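# A closer look at the structure
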Amino acid sequence: MKIGIPKEIKNNENRVGATPAGVKELVAHGHEVFVQHTAGEGSGFSDDEYIAAGAKILPTIEDVYGEAEMIIKVKEPIKPEYPLIRKNQVVFTYFHFACDLELTEAMMKAGAVCIAYETVTDRERRLPLLIPMSEVAGRMSIQEGARFLEKPQGGRGVLLGGVPGVKPAKVLVLGAGVVGRNAALMAAGLGADVTITDISLPTLRHCSEVMPKNVKTLYSSRHNIEMELPDTDLVVGSVLVPGAKAPHLVTRDMIKMMRPGSVMVDVAVDQGGCFETTHPTTHSEPTYVVDGVIQYAVANIPGAVPYTSTMALTNATMPYALKLADLGWKEACRRDPGLAEGVNMVDGKITYEAVAEAFGLPYTPLSLD
């Protein structure tokens, strides 16, 4: 199969769809790999490394899309890429369709086979291609939250861990999935007073058993969240409904309960955000202020640490990419029902129910005949 790895063109997105090591695996399986010139540069991988791994370097993004039967990338295609994607071309990436009608309609028009990292499942019904980036984003949420709590960044001037004689900051983590647990662990490691919420009691019991002593658990309800907000310094939103829009757990009225200079980081922004006031931001302009509260809603948080993120992502995606390339997408999905869960769109038809429901569009069950 001819596989293309284009350079990401989203704002400050420095990750790349595969490392040279991943390319070497694809080439070893007999596939042709086309990498766009300087595609890996932002992640620390040179064209020479890709050439040594067996790739062919092409000068433009148009060349890569034009040659490839399957595109492997990181972020969803954006408007300049829409016309480059053609009927029956496999695009394997993060899509997050449910919060982007324009992207959904563009991919329907293109007629491509859209396989979304974020809805692929494994035998335990986990999300193996979302987990590595969720781990990065969860840890980064605390790193960025701590930064914007600093006074020069507009924050309250609070140190997460405090010092002897001064209480640590209070951190509220909404959602105890992969992002939330990693955020809680990072905040706890810095010495913060952490509360993590969820609607699953078994999940909260597990957190109570394994988390450090400065992490407390709380059942997630509007009342409980409202009780926490007035003296919370940093809120991390990390709620995920696979393939669907995130619920709004913090309304605009609730934000008014917080102290000026507090910080909110919405890691769920890719799925529409779990704060009512969330709108996507970029690494170049990461924050905005709502009622005196700083909101951080960068839609590609792991893009700030592209070397780590690209290595982690390739580790997770490459076994699936090899299946798709070796067997073709239909046979690969027949053999792996979890991979079939990743197929969100085929030939202009939406094959993932939550995406269709998000926009009131027709849903067509996936057919592998």
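Just so we're clear, the structure is a prediction, and the values are computed from it rather than from any experiment. (Residues numbered from 1 in each chain as written. Predicted model: local features only at pLDDT ≥ 70, side-chain atom pairs only at ≥ 80, totals over all residues. Heavy atoms only, no water.)

### Brief notes about unusual backbone geometry
The backbone phi angle of Asp 291 is positive, close to 50 degrees, even though this residue is not glycine. A residue is classified by how much of its surface remains accessible, and Asp 291, at 37% relative accessible area, is partly exposed. Within the chain, Asp 347 stands out as a residue other than glycine whose phi angle is a positive 50 degrees. With respect to the secondary-structure elements, Asp 347 resides in the loop between strand E14 (343–346) and strand E15 (349–350). (Buried < 20%, exposed > 50% of the residue type's maximum accessible area, 1.4 Å probe, protein only. Helix = DSSP H or I, 4+ residues; strand = E, 2+ residues; numbered from the N terminus.)

### A closer look at the sheet that holds strand E2 (residues 32–36)
Across the sheet, eight strands lie side by side as E3-E2-E1-E4-E5-E6-E14-E15; this open sheet has mixed pairing. Two strands bound the open sheet, and with one partner strand each, they are strand E3 (56–58) and E15. For strand E6 (residues 113–116) and E14, the ladder comprises two bridges, and the chain directions are antiparallel. Opposite Cys 114, over in E14, you have Met 345 as the bridge partner. Helix-sheet contacts for helix H1 (residues 20–28) involve strand E1 (2–5), E2 and strand E4 (70–72), and the interaxial angle to E2 is about 150 degrees. (Pairing = 2+ DSSP bridges. Contact = heavy atoms within 4.5 Å. Axes fitted to C-alpha atoms, helices over the stretch in contact; angles between N-to-C directions.)

### Quick notes on the side chain of Thr 251
Inspection of the secondary structure puts Thr 251 in the loop between strand E10 (234–237) and helix H9 (252–255). Contact partners of Thr 251, with chain neighbours within four places excluded, come to Arg 222 and Glu 276.

### Quick look at the layout of surface pockets
Summary: where empty space remains is shown by rolling a probe the size of a single water molecule over the atoms. Its volume calculated, the largest pocket comes out at about 1,100 Å³. Surrounding the largest pocket, 47 residues form its lining, Gly 177, Val 178, Ser 238, Val 239 and Leu 240 being those nearest its centre. Contributing elements (two or more residues each) for the lining of the largest pocket: helix H5 (131–148), helix H6 (178–189), strand E8 (193–198) and helix H7 (201–210). Its residues assigned to classes, the lining of the largest pocket comprises 26 nonpolar, 13 polar and eight charged. When its volume is computed, the second largest pocket comes out at roughly 370 Å³. Around the second largest pocket, the lining is made up of 22 residues, and of these Lys 10, Glu 76, Asp 100, Pro 280 and Ala 299 lie nearest the centre. Grouping the constituent residues of the lining of the second largest pocket by class yields eight nonpolar, eight polar and six charged. (1 Å grid on protein atoms, 1.4 Å probe; cavity = no way out; pocket = protein on both sides within 12 Å on 5 of 7 lines; lining within 4 Å. Points joined across faces, edges and corners; volume = space filled by probe spheres on them. Nonpolar A, V, L, I, M, F, W, Y, C, P; charged D, E, K, R; others polar.)

### Description of the packing of H1 against helix H10 (residues 306–327)
Between H1 and H10, the shortest axis-to-axis distance is 10 Å and the interhelical angle comes to 15 degrees. Taken together, the axes of H1 and H10 lie roughly parallel to each other. Of the two elements, H1 crosses H10, and the hand of that crossing is right-handed. Together, Gly 22, Glu 25 and Leu 26 of H1 and Thr 314, Met 318, Ala 321 and Leu 322 of H10 make up the contact between the two elements. Broken down by class, the residue content of the contact of H1 with H10 amounts to four nonpolar, two polar and one charged. (Parallel < 35°, antiparallel > 145°, perpendicular 65-115°, else oblique. Left-handed = near helix turned anticlockwise from the far one by under 90°.)

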